[in-house]
Amino acid sequence: MNRLLLGRNYKIVSIPRISSKHYVTNWTRDYSSLLSHKQSKKVSVQPNYPVVTRFAPSPTGSLHIGSLRTALYNFLLARNTKGKFILRLEDTDRTRLKPEAEQNIYDTMKWCGFNIDEGPIKQSERKEIYAEHIKKLLDKGLAYRCFCSKEKLEASRLDGYDRHCLHLTEEQISTEMKENNGKFIVRFKAPEKYESFADLLHGEVNIQDRKDRIGYDDLVLVKSDGMPTYHFANVVDDHLMGVTHVIRGDEWLPSTPKHIMLYKAFGWTAPKFIHIPLLTSVESDKKLSKRRNDASVLALKEKGILPEALINFCALLGWSPPRDVAQRNHECFTLEELTQLFNLDHLTKGNVKVDNSKLLFFNKHFLQKRIDNEEQLNELVLNVVPKVSALFGIPIEVQLKEKVKLILKDCGHCLNTINDFQEEFSYFFKLPDYTGQSEETQKFIKGSNKDKIISILEASRTKLQSSTIQETISEITKTLGVSKKLLFQSLRFALSGNVSGAKIHVILDILGDAESRNRLEVAIRYLKTM
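The structure contained in this document is the topic of the report that follows.

How each quantity is defined
- Sequence order as written defines the numbering, with residues in each chain counted from 1.
- Two thresholds apply to this predicted model, a pLDDT of at least 70 for residue-level local features and 80 or more for giving and counting side-chain atom pairs, whereas whole-chain, interface and lining totals are computed over all residues.
- With hydrogens and water set aside, each side-chain value is computed from the structure's full complement of heavy atoms.
- Pairs of strands are assigned from DSSP output, requiring at least two bridges between the strands.
- Secondary structure elements follow DSSP: runs of H or I of four or more residues count as helices, runs of E of two or more count as strands, with numbering from the N terminus.
- Interaxial angles span 0 to 180 degrees and are taken between N-to-C directions of axes, which are lines fitted to C-alpha atoms, for helices over the stretch in contact.
- Whether two residues touch is decided by their heavy atoms; if any such pair falls within 4.5 Å, the residues are in contact.
- The disulfide criterion is simple: two cysteine sulfur atoms within 2.5 Å.
- Exposure categories follow from relative accessible area, calculated using a 1.4 Å probe and restricted to protein chains: below 20% of the type maximum is buried, above 50% is exposed, and the middle band is partly exposed.
- Every helix has an expected span of 1.5 Å times one less than the residues it contains.
- At every residue, the bend is computed as the angle between two fitted axes, covering the seven residues ending there and the seven beginning there respectively.
- Side-chain atoms alone can form a polar contact between residues adjacent in sequence; in general such a contact is a pair of N or O atoms within 3.5 Å, and within protein one must be able to donate a hydrogen while the other accepts it.
- Here, a salt bridge means any side-chain nitrogen of Lys or Arg that lies within 4 Å of a carboxyl oxygen of Asp or Glu.
- Handedness rule for crossovers: strands pointing away from the viewer, path from the first strand over the helix to the second running clockwise, crossover right-handed.
- We call a set of buried Ala, Val, Leu, Ile, Met, Phe, Trp, Tyr and Cys residues a nonpolar core when their side-chain atoms join them within 4.5 Å.

This part takes up the sheet that holds strand β3 (residues 118-122). Strands in a sheet are paired, the pairing made by backbone hydrogen bonds, and the direction either parallel or antiparallel. Taken in spatial order, the 3 strands of this open sheet run β1-β2-β3, and their pairing is parallel. Only two strands of the sheet have a single partner each, and these edge strands are β1 (52-55) and β3. Taking the axes of each pair of neighbouring strands and ignoring which way they run, one obtains an average angle of 25° across the sheet. Of the strands in this sheet, β1, β2 (84-89) and β3 touch helix α2 (residues 99-112), which is tilted by about 160° from β2.

Written out as structure tokens, the structure is:
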């Protein structure tokens, strides 16, 4: 079965195959539609000229990875073709705006490195422009004023509007204006049938109104407060700003025929449309929830996710580079590399499961690259030191900074995020809690000869040095007749509380000889009291 999901308000029941060229799609809820794909030899849809794209979020909450992916694809297409990238705030729904959301958009764009060529442009500041264009539609008879009550409109939501206000005379309009204190909405007169349109990802798409609806789907263009709806402002702005390509989520696919009819009403050419697939939870096929704050971009930043990793992760949520390129570096790409590689021909159609384990893989990769860069390593140290100082009560001095830096250089490869540092490497800053060990440690102690462990630690405490670790190990195993495995396990128990990760000689080097011997002494005393 072939599947195409168009958004949260539409559920595909099935797409049975009728022929090699046509598919029928049944929609539930608001529409029953026909979706056809004309299959032919694949032709490249990647533009070979400078395009104009835009990212147009509504400042109603924190940006999530779904919005970030949309911004990224628009940004990459503009940069790949040496075109223009516009930031526009669709803030006409004044009831849903959140003051902090606008700044969240700016902060997210800056953190991700998306430099804009034009904007930010606020739709709320373009009211006169929309008024000028709505007048043109009214004058042509393509739109009309509607004075119906909220109750009547709510009742008509399911079956469509009855066009009660379509044929009002000028005298009736004047009367309604007085009775409604000059308040009205403006509707667009919908056609009997919508034209099919080309989507650069899905091919030819034909979406029609539900056949069982009694009324009409006359789109509201201007609300009673005089502000334009998303549909109207979106079309006017995209035309006036010269947008050539619109990359947006599948949930906007059912609205596209209406937008195209608006373009035609003005005598304008519509941009190219690309509707990218829905993001779903890895645990289910449900759409990724925006209500979960941990999916917001800046919340991920606070959890230690790097912008390079998140961009890499989002780029692959519906797009893939050529296989040989992906295999060459395990799909790890910088923003600059993605700019060179991005191509609309490589977009994918199916819904995308968001697997955070992949995000952590990318984060680990880019964190190591930062550790390998001296300047970025120093920035990481400055980030970590205050947290270590506060957690373990250690003064912020040169020694602490040098110790954190050494740990990152020698052991940082095991970190998924920089936020894991304190927990992962706590044993470098405090004595292991030998009395509250993990199940694995207790199993080691109970499953080994306690006297042999004590003998190993006693033999090591006067001889153990990071510079002569190999010679010391060989001497002790030979003298005591124990295996290297037991010797390493015993030393790790004493030095780090059996926490795996860093090699023994690295632990010795970071702790220093004096602290290492002290820990051996403490471990011996604990074992003797068991």
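With that settled, the discussion passes to the sheet that holds strand β4 (residues 143-146). With respect to topology, 3 strands assemble into an open sheet ordered β4-β5-β8, the strand pairing being antiparallel. The strands lining the two open edges of the sheet, one partner per strand, are β4 and β8 (220-222). Mean inter-strand twist for the sheet, computed between neighbouring axes without regard to direction, equals 40°. Pairing geometry for β4 and strand β5 (residues 185-188), over 4 bridges, is antiparallel. In the sheet register, arginine 145 faces β5, and the bridge partner there is valine 186.

Before going further, it helps to spend a moment on the state of the cysteines. Tallying each qualifying case throughout the model produces 0 disulfides. With no disulfide partner, cysteine 112 has as its closest neighbouring cysteine sulfur the one in cysteine 314, 7.8 Å distant. Residue class for cysteine 112 comes out buried when judged on its relative accessible area of 4%.

The end-to-end C-alpha separation of helix α13 (residues 374-392) is 26 Å, in line with the 27 Å expected for 19 residues at 1.5 Å each. Valine 384 marks the point of greatest bend in α13, at about 25°, and the proline proline 386 comes within the next four residues. Those residues of α13 that sit buried are Leu377, Leu380, Val381, Val384, Val385, Val388, Ser389 and Phe392. Those residues of α13 hidden inside the fold are in contact with α12 (356-371), α14 (398-411) and α15 (421-424). The backbone nitrogen of glutamate 375 lies 3.1 Å from a side-chain oxygen of the residue at the head of α13, namely asparagine 373.

The next thing to look at is the pattern of salt bridges. What the rule picks out here adds up to 21 salt bridges. Here lysine 264 makes a salt bridge to glutamate 195, at a shortest N to O gap of 3.6 Å. Of this pair, lysine 264 sits in helix α7 (residues 256-266) while glutamate 195 sits in the loop between β5 and β6 (197-199), placing them 69 residues apart in sequence. The partner of lysine 258 in a salt bridge is aspartate 217, with the nearest N and O atoms 2.9 Å apart. A residue pair is termed long-range when its members are at least 10 positions apart, and lysine 258 in helix α7 and aspartate 217 in the loop between β7 (203-205) and β8 qualify at 41 residues. Both residues of the pair, lysine 258 and aspartate 217, belong to the buried class.

Before going further, it helps to spend a moment on the side chain of serine 490. Turning to its location among the elements, serine 490 is positioned in helix α19 (residues 484-496). The exposure class assigned to serine 490 is buried, which follows from its relative accessible area of 0%. Serine 490 has contacts with Phe444, Ile453, Ile456 and Leu457, leaving out every residue within four places of it along the chain.

Of the pairings in the sheet, the one linking β2 to β3 comprises 3 bridges and is parallel in character. Bridge pairing in β3 places isoleucine 86 opposite glutamate 118. Note on the crossover from β2 through α2 to β3: the handedness is right-handed.

Bringing the nonpolar core into the picture now. Core analysis: the largest hydrophobic core is formed by 104 residues, its most contacted members being Phe114, Leu310, Leu408, Phe421 and Phe428. Broken down by element, the residue count for this core peaks at 9 residues, all from helix α1 (residues 65-80). When residues no more than four places from it in sequence are discounted, the contact partners of leucine 310 are Ile65, Leu68, Trp111, Val297, Leu300, Ile305 and Leu359.

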